[in-house]
Amino acid sequence: MTQPRQTMSFLMRRFDEAGIHPVTRHGQNFLIDLNLVELLVQSAELGPRDVVLEIGTGTGSLTAMMAAQAAAVVTVELDANLHQLAREELVDFDNITMLRQDALRNKNNFDPAIMQAVRAAIEAGPDRRLKLAANLPYNIATPVISNLMLTEIVPVSMTVTIQKEVAERIVARPGTKDYGALSIWLQSQCETEIVRIMPPSVFWPRPKVESAIVRITLNPEKRARIGDLTGFHEFVRSMFFHRRKFLRSELLSAYKKRLAKPDVDAVLETLNLSGELRAEQLDVPTMLRLYETAEQRLSQLG
């Protein structure tokens, strides 16, 4: 079936017909370069086993392209007007589940209804797997990507358009200004790459910043090394609360009232780490060992 292509003229006409305007507070910036829309779908490598989760249905143009290749698409849109526009565009598809709601229950958790819809789509066929593919609203991009790695159904890949600044944090290496909690959390479980940097001109309305298509691919062996994913996630975040603090002080803050100074010093000595390093200087394996050693010390204390 032939779907209308999401050009600026198409969007402006559809919005005008509906008497609505993009809502910038919802991060509504529509990708209008058709080659880049196709690159996003191509980079997601969708096939008949894949259930796609799309956050930000928009007008449904990307949704339709993905539904033509995947087993099923679960797509989520907060804006009632866009949800209705997309419903009209996608009426001929029988493998799309459309949800009108916020994707996140709160900053750290997905809404249960979304994961229920994803689970139903996965269980509807043999050997199905989850992929996130979306032109993510900028204002929720980081929590969506980060928290999806803690859900009951972990995606085998996430291929998304996001702010260039966030993309650079995802792929950053130790010792650089962009390296931080998000870098470590994702790289501890996944392979990460920036597929393409995109100027503001390829979106309507134009955002004030550059964007990027980023691809994040699950590495099951890496993920299996982390015993307590929730604990490690919280630890990594706490180690970057005060970025300029030295490692010893960050550990004391992270384990406040649980590990005393001598315990923290013992943890650092076990790993032969100077307390005057900073968290941003530790590579991913070292950060994981630091967490495991601190937790082991904590368990010894009873």
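Up top is the structure these notes are about.
The paragraphs below set out a description of the structure included in this document. Everything quoted here is computed from the prediction, not taken from an experiment.

Our focus in this paragraph is the overall build of the chain. Tallying secondary structure elements over the chain gives 13 helices and 11 strands in all. The C-alpha atoms of the chain give a radius of gyration of 21 Å, which matches the 19 Å a tight globule of 302 residues would have. Overall, the C-alpha framework of the chain stretches about 70 × 45 × 30 Å when taken along its three principal axes. In the chain, of all internal contacts separated by at least 6 residues, the share reaching a separation of at least 24 is 67%.

Here the focus is the pattern of salt bridges. By the definition in use, this model includes 14 salt bridges. Lys 164 is paired through a salt bridge with Glu 210; the nearest N and O atoms lie 3.1 Å apart. Of the two residues, Lys 164 sits in helix α7 (residues 164–171) while Glu 210 sits in the loop between β10 (203–204) and β11 (211–218), which places them 46 residues apart along the sequence. Using a relative accessible area of 22% as the deciding quantity, one classes Lys 164 as partly exposed. Measuring nitrogen to oxygen at the nearest pair gives 3.3 Å for the salt bridge that ties Asp 178 to Lys 177.

We now examine unusual backbone geometry. The peptide bond linking Trp 204 to Pro 205 adopts the cis configuration, its omega dihedral lying at -10 degrees. At Glu 45, a residue that is not glycine, the phi angle is positive and equals roughly 50 degrees. With respect to the element layout, Glu 45 can be found in the loop between α2 (34–44) and β2 (50–55).

Examined against the element boundaries, Glu 54 turns out to sit in strand β2. Although Glu 54 lies buried, it forms no salt bridge, and the closest oppositely charged side chain, Arg 87, sits 12 Å away as judged by the N-O distance. Setting aside anything within four residues of it in sequence, one finds Glu 54 in contact with Leu 62, Thr 63, Met 66, Val 74, Thr 75, Val 76, Ala 133 and Ala 134.

We now examine the pairing of β2. Among the 6 residues that make up β2, 6 are buried, leaving the element largely enclosed by the rest of the structure. With 4 bridges joining them, β2 and strand β7 (residues 129–135) adopt parallel strand pairing. The partner of Leu 53 across the bridge, within β7, is Leu 132. Inspection of the sheet shows β2 paired to strand β3 (residues 72–77) by 5 bridges, in the parallel sense. Opposite Leu 53, over in β3, you have Val 74 as the bridge partner.

Helix α13 (residues 284–300) packs onto helix α12 (residues 261–270) with a crossing angle of 135 degrees between their chain directions and a minimal axis gap of 10 Å. The orientation of α12 with respect to α13, classified from their angle, is oblique. In the crossing of α12 with α13, the sense of the turn from one axis to the other is right-handed. Contact residues: Asp 263, Ala 266, Val 267, Leu 268 and Thr 270 in α12; Leu 290, Thr 293, Ala 294 and Arg 297 in α13.

Sheets are built from strands that pair by backbone hydrogen bonding, the pairs being arranged parallel or antiparallel. As summarised here, the arrangement of the 7 strands in space is β4-β3-β2-β7-β8-β11-β9, forming an open sheet in which the pairing is mixed. Whereas interior strands pair on both sides, the edge strands pair on one side only; in this sheet they are β4 (96–100) and β9 (190–198). Adjacent strand axes in the sheet meet at a mean angle of 20 degrees when their direction is disregarded. Bridge count for β7 against strand β8 (residues 157–163) is 5 bridges, and the pairing is parallel. Its bridge partner lying in β8, Asn 135 is registered against Thr 161. Of the strands in this sheet, β3 and β4 touch helix α4 (residues 80–89), which is tilted by about 160 degrees from β4. Together, β2, β7, β8 and β11 form the strand contacts of helix α6 (residues 141–148), whose direction differs from that of β8 by roughly 165 degrees.

Criteria and cut-off values
Residues numbered from 1 in each chain as written. Predicted model: local features only at pLDDT ≥ 70, side-chain atom pairs only at ≥ 80, totals over all residues. Heavy atoms only, no water. Helix = DSSP H or I, 4+ residues; strand = E, 2+ residues; numbered from the N terminus. Rg over C-alpha atoms; globule rule 2.2 N^0.38 Å. Contact = heavy atoms within 4.5 Å. Salt bridge = Lys/Arg side-chain N within 4 Å of Asp/Glu carboxyl O. Buried < 20%, exposed > 50% of the residue type's maximum accessible area, 1.4 Å probe, protein only. Lys, Arg positive; Asp, Glu negative; His and termini not counted. Pairing = 2+ DSSP bridges. Axes fitted to C-alpha atoms, helices over the stretch in contact; angles between N-to-C directions. Parallel < 35°, antiparallel > 145°, perpendicular 65-115°, else oblique. Left-handed = near helix turned anticlockwise from the far one by under 90°.

Nothing here speaks to function; it is geometry throughout.
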